[in-house]
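This is what each chain is made of:
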Amino acid sequence: MVKAQLEIQPIEEVQSLKSRTYDALKAAIGAMKIYDAGAELRLDERALSLQFGVSRTPLREALAQLEQEGLVRIAPRRGIFIVRKTKAEILEMITVWAALESMAARLATEVASDEEIARLHGLVDTFDSDAIEEHMGEYSDANIRFHAAIIALSGCKLIAEITHGLFTHVRAIRERTIFERDRARRSIVDHKEIIEALETRNGERAERLVREHTLKLRQHVEQFVLLD
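Bear in mind that the values here come from a model prediction, so they are computed numbers and not experimental data.

Caption draft 1: Region of interest: the packing of aromatic side chains. Under the definition given, this model contains 2 aromatic pairs. Ring centres of Trp97 and Phe167 lie 6.4 Å apart, and the angle between their planes is 35°; on these two criteria the pair is classed as tilted. Remark: Phe167 occurs in helix α7 (residues 157–177) and Trp97 occurs in helix α4 (residues 87–111); sequence separation between them is 70 residues. The exposure class of Phe167 is partly exposed, given its relative accessible area of 25%. Relative to Tyr139, the ring of Phe127 lies with its centre 5.1 Å away and its plane at 75°, an arrangement referred to as edge-to-face. With Phe127 in the loop between α5 (114–118) and α6 (136–153) and Tyr139 in helix α6, this residue pair connects regions lying 12 residues apart in the sequence. The pair formed by Phe127 and Tyr139 is uniform in burial state, with each residue classed as buried. When the ring centre of Phe224 is taken as origin, the NZ or CZ atom of Arg181, which lies over that ring, is 3.7 Å away.

The structure is reproduced here in C-alpha cells:
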C-alpha cells in the first residue's frame, strides 16, 4: 500500500510569502488522506522549506497559524504533526455537518437556480452504480464535490464558513470510507434522490435526505472505523 503523504507544489511570487505558504500547506493537508493507515503525519520543516522554495521564517509563521486552527501540532523537541481527530470528535463533526448540509439543501430549494441544481447531475450521472468499482477514485472526488456544491447552493455564507472549518477532517473520513461496505454504490442512489428533491423544490424532503445520507456515514464510522 502506498503511504499517504503531502504533495507539495513550489510557491510562486504573488501574495506575501507567509500567506502563500499558509494557503499551499493547508491545501496540501486538506488533500491528504490523513486517516489512512500508515499516513505520514510528521512534517519535516527543512524538507517543507525546500519543497515550497521558501525560507523557514514564512513556513514557521504558516505552521503557527495552522496550529491555532487545530490542523497541526507543534511539539517542542519532538517535531510538527498533522492533527488527526479522535473517533468521538469525528462523530461529532459528522453530526454537525449533517445538520448544516441538510439546512443548506433546504435553502438551495429556495434560492438556487435550475441551472445550478442541474449541474449536480455531472457529479452523479456519469457513474454507474453497478460498475462503480472501476471508477472509485473519480467517484470519491465527485462525492466530495457534490457535498461542497450543496453547501454553496444554499447561498448562506455562515454555513459555508462553519463547514469550511470541518472540511479537512470530514473530507478525509469520507475518502477513507467511500470504498467500504458498498458505500459508493449506495451513495450514488442517495445522491440521485437528493437531486430530484432539489429539482422539485421539495425543501423538507431535500433536507431529510441529506441529513439521513450524512448520518449513514456517522453510523458507518461508529460501527466499522478504527481510529488511533
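Next comes the rest of the account.
Caption draft 2: Focus on the packing of helix α1 (residues 17–31) against helix α3 (residues 56–68). The geometry of α1 relative to α3 is characterised by a closest axis approach of 8 Å and an angle of 55° between their N-to-C directions. As far as their axial angle goes, α3 and α1 are oblique. Crossing hand, α1 versus α3: right-handed. Residues Leu17, Lys18, Thr21, Tyr22, Leu25, Lys26 and Ile29 of α1 form the contact with α3, whose participating residues are Pro58, Leu59, Glu61, Ala62, Leu63, Gln65 and Leu66.

Caption draft 3: The arrangement of the sheet that holds strand β3 (residues 79–82) in detail. In spatial order, the strands read β1-β3-β2; together these 3 strands make up an open sheet with antiparallel pairing. Whereas interior strands pair on both sides, the edge strands pair on one side only; in this sheet they are β1 (42–43) and β2 (72–75). With 4 bridges connecting them, β2 and β3 associate as antiparallel partners. In the strand pairing of β3, Val72 is matched with Ile82.

Caption draft 4: Region of interest: the pattern of salt bridges. Inspection of every chain in the model, using the stated rule, returns 13 salt bridges. Glu101 serves as the salt-bridge partner of Arg174, at 3.9 Å between the closest nitrogen and oxygen. A residue pair is termed long-range when its members are at least 10 positions apart, and Arg174 in helix α7 and Glu101 in helix α4 qualify at 73 residues. Of the residues examined, Arg174 reaches a relative accessible area of 4% and is grouped as buried.

Caption draft 5: Fine view of the side chain of Thr177. Position of Thr177 relative to the elements: it lies in helix α7. Excluding residues that lie within four positions of it along the chain, Thr177 makes contacts with Arg183, Leu217, His220, Val221 and Val225.

Caption draft 6: Seen up close, α1. In this model α1 runs 21 Å from its N-terminal to its C-terminal C-alpha over 15 residues, within 8% of the 21 Å that 1.5 Å per residue would give. Turning to α1, its buried residues number three or more, namely Arg20, Thr21, Tyr22, Leu25, Lys26, Ala28, Ile29 and Gly30. Of the surrounding secondary structure, the elements contacted by the buried residues of α1 are α2 (45–52), α3, β2, β3 and α7.

Caption draft 7: Spotlight on a negative patch on the surface. Taken together, Asp125, Glu193, Glu196 and Glu199 make up a surface patch of like negative charges. Its location among the elements puts Glu199 in helix α8 (residues 183–199).

Caption draft 8: A look at a nonpolar patch on the surface. A cluster of nonpolar residues, Val96, Leu158 and Ile162, forms a patch on the protein surface that exposes about 250 Å² of accessible area. Note that Val96 resides in helix α4. Residue Val96 is classed as partly exposed on the basis of its relative accessible area, which comes to 39%.

Caption draft 9: Quick look at the nonpolar core. Leu6, Leu25 and Ile173 are the most contacted members of the largest nonpolar core, which totals 66 residues. Per-element accounting of this core gives the leading share, 9 residues, to α4. With near-sequence residues (within four places) excluded, Ile173 lies in contact with Tyr35, Ile90, Ile94, Leu217, Val221, Val225 and Leu227.

Basis of the calculations
Residues numbered from 1 in each chain as written. Predicted model: local features only at pLDDT ≥ 70, side-chain atom pairs only at ≥ 80, totals over all residues. Heavy atoms only, no water. Phe/Tyr/Trp six-rings, centres within 6.5 Å; stacked < 30°, edge-to-face > 60°. Helix = DSSP H or I, 4+ residues; strand = E, 2+ residues; numbered from the N terminus. Buried < 20%, exposed > 50% of the residue type's maximum accessible area, 1.4 Å probe, protein only. Lys NZ or Arg CZ within 6 Å of the ring centre and 35° of its normal. Axes fitted to C-alpha atoms, helices over the stretch in contact; angles between N-to-C directions. Parallel < 35°, antiparallel > 145°, perpendicular 65-115°, else oblique. Left-handed = near helix turned anticlockwise from the far one by under 90°. Contact = heavy atoms within 4.5 Å. Pairing = 2+ DSSP bridges. Salt bridge = Lys/Arg side-chain N within 4 Å of Asp/Glu carboxyl O. Expected span 1.5 Å × (residues − 1). Patch = residues over 30% accessible without salt bridge, like charges linked within 9 Å, V, L, I, M, F, W, Y side chains within 5 Å. Areas by Shrake-Rupley, 256 points an atom, 1.4 Å probe, with all protein chains shown as cover. Lys, Arg positive; Asp, Glu negative; His and termini not counted. Charge placed at Lys NZ, Arg CZ, Asp CG, Glu CD. Core = buried A, V, L, I, M, F, W, Y, C linked by side-chain atoms within 4.5 Å.

Function cannot be inferred from these measures alone, as they are strictly geometric.
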